[in-house]
Amino acid sequence: MTFSVLPMSQADLDRAVRPKMDGGLGILLTERGNLPLDVLDVDASICGLLARTVVTTEFVNVHDTALEATYVFPLPDRAAVTGMTMTADGRTVEAELQERAAAREEYDRAIAAGRRASIAEEERPDVFTMRVGNIAPGERVTVTLRLAGPLPYEDGAATFRFPLVVAPRYIPGAPLPGPAVGDGHAEDTDAVPDASRISPPVLLPGFPNPLRLSIRVHLDPGGLTLGEVRSSLHAVTGADGHLEIRPGERADRDFVLRLAYSGATQSAVAVPDATGEEGTYQLTLLPPADAAVSARPKDVVLLLDRSGSMAGWKMVAARRAAARVVDTLTGSDRFAVLTFDHAVEHADGLGTGLVEADDRHRFRAVEHLARAEARGGTELLAPLDQGLSLLDAAGEGRDRVLVLVTDGQVGNEDQILAEVAGLVGNTRVHAVGIDRAVNAGFLARLAALGAGRCELVESEDRLDEAMEHIHRRIGAPVLTDLAVRAEGLTHLPDTRSPHRLPGCYPGVPLVITGRYSGAAAGALTITGRTRDDQPFTVTVPVQRRDEPAVTAQWARARLRDLEDRYACGEHDLEPQIVATSLRFGVLCRFTAYVAVDERVVPVDGGLRRVTQPVELPSGWTPPGGPVDAVVPVLSLGAAPMAPLAVAPMPPTFAPARASMRPAGGPPQPFAAIPSTLRMRHTGGAAARHDDGSLRGIVAVEARRLREADGLPPAERRDLLADLASRLGVLLTGVTDPAVEPLRALLVRLNSDEDLAARWRAAREALDAFAAAEPAAGGPPQGRRAAFWKR
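Quick notes on the rules
- Residues numbered from 1 in each chain as written.
- Predicted model: local features only at pLDDT ≥ 70, side-chain atom pairs only at ≥ 80, totals over all residues.
- Heavy atoms only, no water.
- 1 Å grid on protein atoms, 1.4 Å probe; cavity = no way out; pocket = protein on both sides within 12 Å on 5 of 7 lines; lining within 4 Å.
- Points joined across faces, edges and corners; volume = space filled by probe spheres on them.
- Helix = DSSP H or I, 4+ residues; strand = E, 2+ residues; numbered from the N terminus.
- Nonpolar A, V, L, I, M, F, W, Y, C, P; charged D, E, K, R; others polar.
- Core = buried A, V, L, I, M, F, W, Y, C linked by side-chain atoms within 4.5 Å.
- Buried < 20%, exposed > 50% of the residue type's maximum accessible area, 1.4 Å probe, protein only.
- Contact = heavy atoms within 4.5 Å.
- Pairing = 2+ DSSP bridges.
- Axes fitted to C-alpha atoms, helices over the stretch in contact; angles between N-to-C directions.
- Phe/Tyr/Trp six-rings, centres within 6.5 Å; stacked < 30°, edge-to-face > 60°.
- Lys NZ or Arg CZ within 6 Å of the ring centre and 35° of its normal.
- Parallel < 35°, antiparallel > 145°, perpendicular 65-115°, else oblique.

A. Region of the structure containing empty space enclosed by the protein. Taken as a whole, this structure holds 9 cavities of 30 Å³ or more when the rule is applied. Looking at the largest cavity, its volume works out to about 110 Å³. Together, 16 residues line the largest cavity, and Tyr71, Leu211, Ala251, Val614 and Glu615 are the ones closest to its centre. A total of 4 residues in the lining of the largest cavity trace back to one element, the largest contributor, which is strand S4 (residues 66-74). Taken together, the residues that form the lining of the largest cavity break down as 14 nonpolar, 1 polar and 1 charged.

Shown next as structure tokens:
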């Protein structure tokens, strides 16, 4: 197979990668500095809509004492890390997946005993930390990670995106006392207790390329018809199904490859486990080509990020994207435009609420967007809260849409998701991520929470295509109220991913995975309702396939669902998360891969610890400009540090604080990462309501149903589905017996009972609960439960 690859123009490519030669270099000691990471190699094999990737990192010790290297790096947020090896001095050791605290303890024991060891940990769905210890002087140690993940597909094209740099993220909140939990430049705060673990030091512009980067992609259409192949940000050469980037490229932006596919079909595959008793199924549903979507009036809130990290081409692209959304509105729509950094601003002359989308209002909105310039920090929670609250108060009978345009470079992702979970309701949340190193993991989670779409824009050339997709998604889905029924195999309860089935949109296949027991045969039937309230049913025969990557993808998606629910307050899920990760061999935030070479390395003169600095992302303003993150000048001459003694603590998302900085002093460039971790929380979990405030919320829900009594069945069905999702969030962790009627209602709302009966039950239960007298006592209104535990 021979094909052409269409890269960016040479002028655009030069602008994207040319360093500023007048930038400072820090006090680096050699031509390439005493940096430990020498090679980063990405080898991807794509078969249809599945990518298997091997990531190889090679560390070298140029010092005269043993070295511990730390590397903070990104991976595709939907990819499953299924294995790791370490190779040193001619011997390869296969890593073992363990509970995170146990893995850290084993790693620390090996380092203290003078043995080579490595550990890989997940900090965010797309941010990971690797440590490699006791690298002998002059020695090279290679660590390899194995990944498997899906390629997103919509409107006839699949996307392979591999991130190469962790961009600086805005860290909100007040600094926490005591030493840091990591050795990054950001201080830990009450909103982001592990900020120092996701903020590696950054090279200043002009520094010579610190590592040798190679990326190879092997393409197999896998039964589909492959058309045009496009590379967005890198010059690529290739033929006969093989691609590679040109030598000398820098790891300062995502590698993005778009594949034009045709011939996609509905499919259902079953992959049995080794025992044959259970397995994983994957159902791919194509939206009906002739489904009619009636145009309904919309309420749209547009949030535009104008923070400092959006400077340069990103701000230009963001303004264009936002203006495109405004221009697509009709006279029957209402809208609001909010721009934000550390403060939220409304367009002049449009007030603080929703306004009619007439020509005059749209012109004023576009004029406001044109004046937006990058500045300040990314305080994302406040505008999301305001935007969702505007839509929540807008009344029924209209589609509710929130569009967020941002680079997503924030550190308090879990806090934001937990806070907005109870506000989303029936609002569709669409995220447009603009950056060459976008925070894709967070934006995808936010869009999933709002049953919307996430579009990533890595260049201005990609903007029009992405906004066309968003414009289509702003409309209503073609299928709703979806459910899956198995015939001939038994669906295992509470294993489906996504946990809450979204609607099915034009041009976007819906992929549903889950676990089954019994034979790998039979059929999967998916049912739903079209927008005109007609029943929809399709049955797809199951085909057996021996493809372990399908199981790994399910496990990864399942772990993300569970971790998001954990972040929203369901802390009893931790054992289930750990058990799922260990059983299926997929890394998560509660586990870690650890490899130990039993041979002892002579360590004379102590252990030197070095953290690999990362590139400033392409297109970002260098230090001294309006970047809303602190970028330190690097000093690679730090003295060796002694290992730290830290008591074991239970595993959770955020590491424990250990003696990593002198009291009251600045961050130390090469401080050791602590060996244990635990959670700490500042109110990021779902709010716990007292009796009176809960009854007030229920009264609002009851009013909504009363006002919606005359709506068509399809709209009332949507309202009940959204009511069930909100009740589930509100009742999480509430133990008061007085809410049992609401729990009973939640069960009925999630049942297969007919619409009329469920609607009547909801009206009666909500009215009765709202009218009852609140119980005496209870916690003060507004108090929240602890989540990040010190």
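B. Structural view of the nonpolar core. Counting 56 residues, the largest nonpolar core has Ile46, Leu75, Leu145, Phe160, Val217, Phe255 and Leu259 as the members making the most contacts within it. No other element matches the 5 residues that strand S2 (residues 37-47) contributes to this core. If sequence neighbours within four positions are ignored, Leu75 has contacts with Val55, Val81, Asp126, Phe128, Leu145, Leu147, Phe162 and Pro163. Ranked by size, the runner-up nonpolar core spans 35 residues in total, among them Leu304, Trp313, Ala317 and Val326.

C. Just the sheet that holds strand S8 (residues 115-124), in detail. Reading across from one edge, S7-S32-S8-S9-S4-S33 is the order of the 6 strands in this open sheet, with mixed pairing throughout. On the outer flanks of this sheet lie strand S7 (96-99) and strand S33 (607-611), each paired with one strand and no other. Strand after strand, the sheet turns through a mean of 20 degrees between neighbouring axes, direction not considered. Note that S4 and S33 share 5 bridges and pair parallel. Counterpart to Leu67 in the pairing with S33 is Arg608. Across the sheet, helix H10 (residues 574-584) lies against S7 and strand S32 (591-600), angled at about 170 degrees from S7, the strand it touches most.

D. Spatial organisation of the packing of aromatic side chains. Per the stated rule, a full pass over the model turns up 5 aromatic pairs. Both rings, one in Tyr71 and one in Phe73, keep their centres 5.2 Å apart while their planes meet at 20 degrees; by these two values the pair is stacked. Ring centres 5.2 Å apart and planes at 75 degrees place the aromatic pair Tyr566 and Phe590 in the edge-to-face group. Of this pair, Tyr566 sits in helix H9 (residues 548-567) while Phe590 is found in the loop between H10 and S32, placing the two residues 24 residues apart along the sequence. Across the pair, exposure class does not vary: Tyr566 and Phe590 are buried alike. Joined through ring pairs, the aromatic side chains of Tyr71, Phe73 and Phe128 make up one cluster. If you follow Arg716 out to its NZ or CZ, it ends over the ring of Trp759, 5.3 Å from the centre.

E. Local environment of the sheet that holds strand S19 (residues 278-285). Pairing in this open sheet of 7 strands is mixed, and the strands run S27-S30-S31-S18-S19-S29-S28 from one edge to the other. Strands at the two margins of the open sheet, each flanked by one partner only, are strand S27 (479-487) and strand S28 (490-491). Bridge analysis of strand S18 (residues 267-272) against S19 gives 6 bridges, and the strand direction is antiparallel. Within the sheet, the bridge partner assigned to Val269 lies in S19 and is Gln282.

F. The arrangement of the pairing of strand S17 (residues 255-262) in detail. Where burial is concerned, most of S17 is hidden: 6 out of the 8 residues are buried. Across 6 bridges, strand S12 (residues 157-162) lies against S17 in antiparallel orientation. Counted as the bridge partner of Phe162 is Phe255 from S17. Pairing geometry for strand S14 (residues 225-231) and S17, over 5 bridges, is antiparallel. Bridge pairing in S17 links Thr225 to Ser262.

G. Molecular detail of the environment of Pro713. By the secondary structure assignment, Pro713 is in helix H12 (residues 713-731). Separated by 43 residues in sequence, Pro713 and Ala756 place their C-alpha atoms 8.9 Å apart. Apart from the residues lying within four places of it in its own chain, the contact partners of Pro713 are Asp533 and Leu755.

H. Representation of the packing of helix H3 (residues 313-327) against helix H4 (residues 359-370) in the model. For the pair H3 and H4, interaxial distance at closest approach is 9 Å and the crossing angle is 175 degrees. Our classification of the angle between H3 and H4 gives roughly antiparallel. Across the interface between the two elements, Arg319, Ala322, Ala323, Val326 and Asp327 from H3 touch Arg362, Ala365, Val366, Leu369 and Ala370 from H4. For the contact of H3 with H4, the class distribution of residues is 7 nonpolar, no polar and 3 charged.

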